[in-house]
Structure formats: C-alpha cells, structure tokens
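As a plain string of letters, each chain reads:
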Amino acid sequence: VQLAESGGGLVQPGGSLRLSCAVSRTILSFKETGWHREAPGKWRELVASITDDGTTEYGDSVKGRFTISRDIAKNILYLQMNDLSPEDTAVYYCAADPFPRGRHWGQGIQVTVSS
C-alpha cells in the first residue's frame, strides 16, 4: 500500500492549506484513514480520521478549523486546514488502517505556519 501526501508548505498565520493523500488501494478497503502530525519534540498525534462508514473524529486542537474528507472514486483523502496558527507547524502523515489491524503510513509532508 502506498500513501502519497501533497499540498504542504509555508503559510502565514490565519491562512489555509489543503493536504491530499493519494491511496494506492480502494480507500473503502480500509477500516479507517486519517491524518496525524508530529511537531519537533512532541509525540505524533491524531489530527483527524474517517472510518469506512464515514464517521469522523478530530483532535481537540483542530476541531472547528480542520475538515477531513475523501474522494472515494479517486481514492484520495483530504485535510482542509483553516485558520492556521504556528502551533499547527508539524510534519503531517497520512495513515490507513487495514482490516483486521495494523497501519500504513505515508512518508509525511511539512506544514509550516509562520509570518
């Protein structure tokens, strides 16, 4: 399974970015797909996830600002990030959890929020 992230970069505080993750397999074949992030000196944390039946979950720090979505026909997972702050600076990873267990990771993409 290959997960390829794109859309990261440098953005000013208050700005927006949309991350994409191209999945090499039918996205609905995974019980859950999502985004995680890892900032320097911090543990990797959940940003947002979506189950095969469409149930979403968000980390507390991004609720109301980030939205996870997917294009099932194209097998692409998205993360729309609005009202970004420097605290959102991190490497963002796409993840896909196959049945019955396990996790595949993308290589990660840098998001930097700075003026």
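Below, the structure is looked at part by part. (Residues numbered from 1 in each chain as written. Predicted model: local features only at pLDDT ≥ 70, side-chain atom pairs only at ≥ 80, totals over all residues. Heavy atoms only, no water.)

## Overview of the overall build of the protein chain
How we decide: Numbered from the N terminus, helices here are DSSP runs of H or I no shorter than four residues, and strands are runs of E no shorter than two. The globule rule used for comparison is 2.2 Å times the number of residues to the exponent 0.38, while the radius of gyration itself is calculated over C-alpha atoms. Burial classes follow relative accessibility: with a 1.4 Å probe on protein chains only, a residue under 20% of its type's maximum area counts as buried, one over 50% as exposed, and anything between as partly exposed. Here, two residues are considered to be in contact whenever any of their heavy atoms come within 4.5 Å of each other.
Per the secondary structure count, the protein chain includes 0 helices and 11 strands. Counting helices and strands in the order they occur from the N terminus, the protein chain gives β-β-β-β-β-β-β-β-β-β-β. For the protein chain, whose C-alpha radius of gyration is 13 Å, the value lies close to the compact-globule estimate of 13 Å for 115 residues. Overall size of the protein chain, expressed as C-alpha extent along the three principal axes, is 40 × 25 × 25 Å. The buried share among the 115 residues of the protein chain stands at 43%. In the protein chain, 53% of the contacts between residues at least 6 apart in sequence involve partners at least 24 apart.

## Some points on unusual backbone geometry
Cis peptide bonds are those with omega within 30 degrees of zero, and the linkage from Phe99 to Pro100 qualifies with -5°. Among the secondary structure elements, Pro100 is positioned in the loop between β9 (90–98) and β10 (104–105). You will see that Asp83, though not glycine, has its phi angle at about 50°, which is positive. Take Asp83: its relative accessible area is 48%, and that puts it in the partly exposed class.

## Brief notes about the nonpolar core
We apply this condition: Definition used in this section: a nonpolar core is a set of buried Ala, Val, Leu, Ile, Met, Phe, Trp, Tyr and Cys residues joined via side-chain atoms within 4.5 Å.
Judged by nonpolar contacts, the single largest core of 28 residues is most densely connected at Trp35, Leu79, Met81 and Tyr92. Breaking this core down by element, the ones donating at least two residues are β3 (17–23), β4 (30–38), β5 (45–51), β7 (66–71), β8 (76–81), β9 and β11 (109–113). Those residues in contact with Met81, other than ones at most four positions away along the chain, are Gly15, Ser16, Leu17, Leu19, Arg65, Phe66, Tyr92 and Val111.

## Considering the pattern of salt bridges
Cut-off, in case you're wondering: Salt bridge, as used here: a side-chain nitrogen of Lys or Arg that lies within 4 Å of a carboxyl oxygen of Asp or Glu.
Throughout the structure, instances matching the rule amount to 6 salt bridges. Put simply, Arg44 and Glu38 hold a salt bridge, and the shortest N to O gap is 2.9 Å. Of the residues examined, Arg44 reaches a relative accessible area of 33% and is grouped as partly exposed. Taking the shortest distance from any N to any O, the salt bridge between Lys63 and Asp60 comes out at 3.1 Å. Through salt bridges with shared partners, a single network forms among Arg37, Glu45, Arg65 and Asp88.

## Overview of the sheet that holds β7
Defined as follows: Think of it this way: DSSP has to see at least two bridges between two strands before they count as a pair. Orientation is described by lines fitted to C-alpha atoms, with helices fitted over the stretch in contact, and by angles between N-to-C directions that extend from 0 to 180 degrees.
Strand order in the open sheet formed by 4 strands is β1-β3-β8-β7, with antiparallel pairing between adjacent strands. Looking at the sheet topology across the chains shown, the edges are occupied by β1 (3–6) and β7. Across the sheet, the axes of successive neighbouring strands diverge by a mean angle of 15°, strand direction being ignored. By the bridge criterion, 6 bridges tie β3 to β8 in an arrangement that is antiparallel.

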